Amino acid sequence: MLSQPYQLYIERTDATKNMARFYALAIEPTLFGTPCLTRRWGRIGTVGQAMVHHFDKEEDAVRMFLDLLRAKRARGYRPNTRVRRQRMA
């Protein structure tokens, strides 16, 4: 079982390059109780792509989570600070 929840959503935007990307990370337990790191990425507003990594120990999942976070921060990804309004149907 996980000691605490791990979730992250970051974005990288550059209007001059028509760039609007997101990257999401989450560590959650599987049905068997082992940690699973889910990565999602793509253009903002799309479903994007996903990749799942399974681990035997939570420490290994957290290590990969932090390594990916450092790499994305170095490339310019930052937390979304503006509030988005959701359209009501």
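As a further point, take the environment of H53. Structurally, the position occupied by H53 is in strand β4 (residues 49-54). With a relative accessible area of 17%, H53 lands in the buried category. Sequence separation between H53 and C36 is 17 residues; the distance between their C-alpha atoms is 5.7 Å. Setting aside residues no more than four positions away along its own chain, H53 makes contact with P35, C36, L37, R39 and M64. In this structure the side chain of H53 is engaged in a polar contact, spanning 3.1 Å, whose partner is the side chain of R39.

An order of β4-β3-β2-β1-β5 is seen for the 5 strands of this open sheet, with the pairing classed as antiparallel. Bordering the open sheet on either side are β4 and β5 (78-79), each of which pairs with just one other strand. Bridge count for strand β3 (residues 35-43) against β4 is 6 bridges, and the pairing is antiparallel. Residue R39 lies in a different strand from β4, and its bridge partner there is M51. Across the sheet, helix α1 (residues 58-74) lies against β1 (6-14), β2 (19-29), β3, β4 and β5, angled at about 170° from β2, the strand it touches most.

Confidence in the prediction for the chain averages 90 pLDDT; 89% of positions are at 70 or higher. Within the model, pLDDT remains below 50 along residues 85-89, and this stretch shows 0 contacts once partners closer than five positions in the same chain are excluded.

A separate point is the environment of G45. With respect to the helices, strands and loops of the structure, G45 is situated in the loop between β3 and β4. On the accessibility criterion, G45 (77% relative accessible area) is exposed. Here the alpha-carbon distance between G45 and A20, two residues 25 residues apart in the chain, equals 8.9 Å.

What follows deals with unusual backbone geometry. Although it is not a glycine, N18 sits at a positive phi angle of roughly 55°. With respect to the element layout, N18 can be found in the loop between β1 and β2.

Evaluation of the coordinates by the stated rule reveals 2 salt bridges. The salt bridge involving R63 is made with D60; its shortest N-O contact spans 3.0 Å. Placement of both R63 and D60 in helix α1 is noted, with a separation of 3 residues, approximately one turn of the helix. According to the relative accessible area criterion, D60 is partly exposed, its value standing at 26%. One salt bridge in this structure joins R70 and D67, with 2.9 Å as the shortest N-O distance. Highlighted residues: R70 and D67, both in helix α1, separated by 3 residues, approximately one helical turn.

So, how was this worked out
Residues numbered from 1 in each chain as written. Predicted model: local features only at pLDDT ≥ 70, side-chain atom pairs only at ≥ 80, totals over all residues. Heavy atoms only, no water. Helix = DSSP H or I, 4+ residues; strand = E, 2+ residues; numbered from the N terminus. Buried < 20%, exposed > 50% of the residue type's maximum accessible area, 1.4 Å probe, protein only. Contact = heavy atoms within 4.5 Å. Polar contact = N/O pair within 3.5 Å; in protein donor to acceptor, adjacent residues only side chain to side chain. Pairing = 2+ DSSP bridges. Axes fitted to C-alpha atoms, helices over the stretch in contact; angles between N-to-C directions. pLDDT = per-residue confidence, 0-100. Salt bridge = Lys/Arg side-chain N within 4 Å of Asp/Glu carboxyl O.

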